[in-house]
Amino acid sequence: MASTLKAGSISLFTFSFNLQSVPVGIIGISYSIAAFPILVKSFSMKDIDNFTKQIILAARQIIFWSLPIISLFIVLRAQIVRVVLGSNTFTWADTRLTAASVALFVISLASQGLVLLFVRGYYAAGNTKKPLVINVFSSIMVVIFAQVLIFIFRNYPQVLLLLEKTLRVKNVPGSIMLALPLAYAMGSLLNFFLIWILFKKDFLYSKGINLSKVFIESTISAIVVGFVTYIFLGFFNNIFDINTGKGIFFQGFLSGIIGIILGIFILTILKNKELFDVVHAMKNKFWRNRIVVPEQGEL
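Predicted model, so just to flag it, every value in this text is computed and none were measured.

Student: Go over the nonpolar core with me, naming the residues and quoting the values.
Tutor: In this structure, Leu117, Phe118 and Phe199 are the most contacted members of the largest nonpolar core, which totals 44 residues. In terms of residue count, helix α2 (residues 48-75) provides more of this core than any other element does, eleven residues in total. Beyond its immediate stretch of four places on either side in the chain, Phe118 contacts Ile55, Phe192, Ile195, Trp196 and Phe199. One finds Leu12, Val169, Val172 and Ala179 within the second-largest nonpolar core, a separate group that totals 25 residues.

So, in structure tokens, the structure goes:
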């Protein structure tokens, strides 16, 4: 077990951070950017009802997508890292450590996406000071959390051992570097809670906020997705050669697909509104009800 953070550990941290940034960009950045013009227009027209409505709708979608993806990334972390890295870049110990880092980073996926949304909500309202102060404070707290966690891991090795067992990196050299992604996740969660409290006070104080239903339904779906994916990983382990990149890819891909199908089935049973909205949007996009036929003589 390494007692210090080496340059190699920092490179693993950077790679795992970049890897978890992909779903953050696809979900959090996409929804926050898409909602921003509507938020600006609504606030400039003093239509606060539509402003808050768009915030809540976007927040529900971010929660809906983020929780199952968190589950998938945690279960498939080793497969994802091995497929992206290949077999000749990192050692097996580095791969395990990177996968553990990705799992810790991705815990805060939903909170990162929601923070991006609320920050743009403040920007749309012309208030940039509050999100700036909160983000700076949270960034400082990430550094403090990292120092505290490193101190705990060094002086109370049983705590680090528990984390190693949970993430299956027991006796892997450099495991103390897990303090960095864990500190980042803690800082992201703190950032979310602070900006949520202020945003609710500033804009949603008189509004009925209905996020608990989508959170519960998405959590149930995420648990099903993760559990089913984990079961089929063991099943496909006996079918594919997991010592090859192709075998690892198909093991993770097929397991994830089956898990997603079961998750969608659960959401359908629960009559999840976000799922129906996605299906409706896809129907309108790819299967239009009206076909524009040229008038006679235009051909």
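Student: Break down the layout of surface pockets for me, with residues and values.
Tutor: What the largest pocket holds in volume is close to 600 Å³. In terms of lining, the largest pocket is formed by 26 residues, of which the most central are Ile74, Val75, Arg77, Ala78 and Arg168. Secondary structure elements with two or more residues in the lining of the largest pocket: α2, α3 (77-85), α4 (92-106), α7 (157-167), α9 (212-237) and α10 (245-269). Sort the elements by how many residues they give to the lining of the largest pocket and α4 lands first, with seven residues. Looking at the lining of the largest pocket residue by residue, the classes come out as 16 nonpolar, six polar and four charged.

Student: Describe in detail the packing of aromatic side chains, supporting the description with residues and values.
Tutor: Per the counting criterion, the structure on display carries 22 aromatic pairs. Between Phe105 and Tyr184, the ring centres sit 5.4 Å apart and the planes meet at 70 degrees, which makes this aromatic pair edge-to-face. Here Phe105, found in helix α4, pairs with Tyr184, found in helix α8 (residues 179-203); they are 79 residues apart in sequence, far enough to count as distant. Given a relative accessible area of 0%, Phe105 falls into the buried group. A network of ring pairs unites the aromatic residues Phe43, Phe51, Phe118, Tyr122, Phe192, Phe193, Trp196, Phe199 and Phe203 as a single cluster.

Student: Residue-level account of helix α6 (residues 129-155), with values.
Tutor: Its 27 residues place the ends of α6 39 Å apart at the C-alpha level, agreeing with the 39 Å of an ideal helix rising 1.5 Å per residue. Where α6 is concerned, the buried positions are Pro131, Ile134, Ser138, Met141, Val142, Phe145, Ala146, Leu149, Ile150 and Phe153.

Student: Which residues make up the side chain of Gln112, and what values do they have?
Tutor: Residue placement: Gln112 occurs in helix α5 (residues 109-124). A polar side-chain atom of Gln112 sits 3.1 Å from a polar atom in the side chain of Gln20. Beyond its immediate sequence surroundings of up to four residues, Gln112 is in contact with Gln20, Val24, Phe105, Tyr184 and Ser188.

Student: Tell me about the environment of Leu262, and name the residues and values.
Tutor: Along the chain, Leu262 falls in helix α10. For the pair Leu262 and Val224, spaced 38 residues apart in sequence, the C-alpha to C-alpha distance is 7.0 Å. Apart from residues no more than four positions distant in its own chain, Leu262 is found in contact with Val224 and Val228.

Rules of the game
Think of each chain on its own: its residues are numbered from 1, step by step along the sequence as written. For a predicted model such as this one, the threshold for reporting local features is a pLDDT of at least 70, and the threshold for listing and counting side-chain atom pairs is 80 or more; totals across whole chains, interfaces and linings nevertheless cover every residue. Processing note: side-chain calculations cover all non-hydrogen atoms of the structure and skip hydrogens and water entirely. Buried Ala, Val, Leu, Ile, Met, Phe, Trp, Tyr and Cys residues that are joined via side-chain atoms within 4.5 Å together make up what is termed a nonpolar core. In this scheme, a residue with accessible area under 20% of its type's maximum is buried, one over 50% is exposed, and one in between is partly exposed, where area comes from a 1.4 Å probe on protein chains only. Helix numbers and strand numbers start at the N terminus; a helix is a DSSP run of H or I with at least 4 residues, a strand a run of E with at least 2. Contacts: residue pairs with any heavy atoms within 4.5 Å of one another. Here a cavity means grid points, on a 1 Å grid over the protein atoms only, where a 1.4 Å probe fits yet cannot get out; a pocket means an open set of points with protein on both sides within 12 Å along at least five of seven lines; lining residues are those with an atom within 4 Å of a point. Grid points are joined across faces, edges and corners, and a volume is the space filled by probe spheres set on the points. Lys, Arg, Asp and Glu make up the charged group, whereas Ala, Val, Leu, Ile, Met, Phe, Trp, Tyr, Cys and Pro make up the nonpolar group; the residues left over, Gly among them, are polar. Ring pairs shown here join Phe, Tyr and Trp side chains whose ring centres sit within 6.5 Å, with only the six-membered ring taken for Trp; geometry is labelled stacked below 30 degrees between planes, edge-to-face above 60, and tilted in between. By definition here, a helix of n residues has an expected span of 1.5 Å times n minus one. Here a polar contact means two N or O atoms within 3.5 Å. Within protein one must be a hydrogen donor candidate and the other an acceptor candidate, and residues neighboring in sequence count only if both atoms are side-chain atoms.

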